[in-house]
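Here is how the chains run, residue by residue.
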Amino acid sequence: QVQLVESGGGLVHAGGSLTLSCVASGSIFRTYGMGWYRQALGKQREMVSTITLYGSANYADSVKGRFTISRDNAKNLVSLQVNSLKPEDTAVYYCNQVIQTTPTGPKYNYWGQGTQVTVSS
């Protein structure tokens, strides 16, 4: 059983910063891709940023230059530093990790429960 726990969301003023973190626990053999997604009220979930096993990062155009993703493979941790926040960044942020639980088993997609980020103008 694998569980992802997110932390770091909150209420900030426009221009502020937050650090979102997501730690996976349980029976983990190897973690592959990791990422952050968000879903604003009334909208579909969208990709914010992803990072490969080897550290190659990808960002949505709307957050490039403001958000930075990082990972610590030893800790099964993925973080998202969010700077220069805008009201349109308000959403529930979900972390995602692709995890293999045994050496020969398949990879599974796991999601966190979500953390609310609210940016006031």
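Residues numbered from 1 in each chain as written. Predicted model: local features only at pLDDT ≥ 70, side-chain atom pairs only at ≥ 80, totals over all residues. Heavy atoms only, no water.

(A) Region of the structure containing the overall build of the protein. A tally of regular secondary structure across the protein gives 0 helices and 11 strands. Tracing the protein from N to C terminus, the helices and strands come up as β-β-β-β-β-β-β-β-β-β-β. Seen through its C-alpha atoms, the protein measures out along the principal axes to roughly 50 × 25 × 25 Å. The 121 residues of the protein split such that 40% are buried. Put simply, 57% of the contacts in the protein that link residues at least 6 apart link residues at least 24 apart. Of the roughly 6,400 Å² of accessible surface on the protein, 51% is carried by carbon and sulfur atoms. Side-chain charges of the protein comprise 10 positive and 6 negative groups, with the mean position of each set lying 6 Å from the other. (Helix = DSSP H or I, 4+ residues; strand = E, 2+ residues; numbered from the N terminus. Buried < 20%, exposed > 50% of the residue type's maximum accessible area, 1.4 Å probe, protein only. Contact = heavy atoms within 4.5 Å. Areas by Shrake-Rupley, 256 points an atom, 1.4 Å probe, with all protein chains shown as cover. Lys, Arg positive; Asp, Glu negative; His and termini not counted. Charge placed at Lys NZ, Arg CZ, Asp CG, Glu CD.)

(B) Broad picture of the side chain of Arg71. Turning to its location among the elements, Arg71 is positioned in strand β7 (residues 67–72). Here Tyr32 takes part through its backbone oxygen, which lies 2.7 Å from a polar atom of the side chain of Arg71. Polar contacts involving the side chain of Arg71 include one to the main-chain carbonyl oxygen of Thr52, which spans 2.8 Å. Those residues in contact with Arg71 that sit more than four places away from it in its chain are Thr31, Tyr32, Gly33, Met34, Ile51, Thr52, Leu53, Leu77 and Val78. (Polar contact = N/O pair within 3.5 Å; in protein donor to acceptor, adjacent residues only side chain to side chain.)

(C) Here's a closer look at the nonpolar core. Leu4, Trp36, Phe67, Val78, Leu80 and Tyr93 are the most contacted members of the largest nonpolar core, which totals 27 residues. Among the secondary structure elements, those contributing two or more residues to this core are β1 (2–7), β3 (18–26), β4 (30–39), β5 (46–51), β7, β8 (77–82), β9 (91–100) and β11 (115–120). (Core = buried A, V, L, I, M, F, W, Y, C linked by side-chain atoms within 4.5 Å.)

(D) View of the sheet that holds β1. An order of β1-β3-β8-β7 is seen for the 4 strands of this open sheet, with the pairing classed as antiparallel. In the strand order of this sheet, the two ends are held by β1 and β7, each with one partner. Adjacent strand axes in the sheet meet at a mean angle of 15° when their direction is disregarded. In this structure, β3 lies alongside β8, joined through 6 bridges in antiparallel fashion. Each residue of the ladder has a partner; that of Leu18, found in β8, is Val82. (Pairing = 2+ DSSP bridges. Axes fitted to C-alpha atoms, helices over the stretch in contact; angles between N-to-C directions.)

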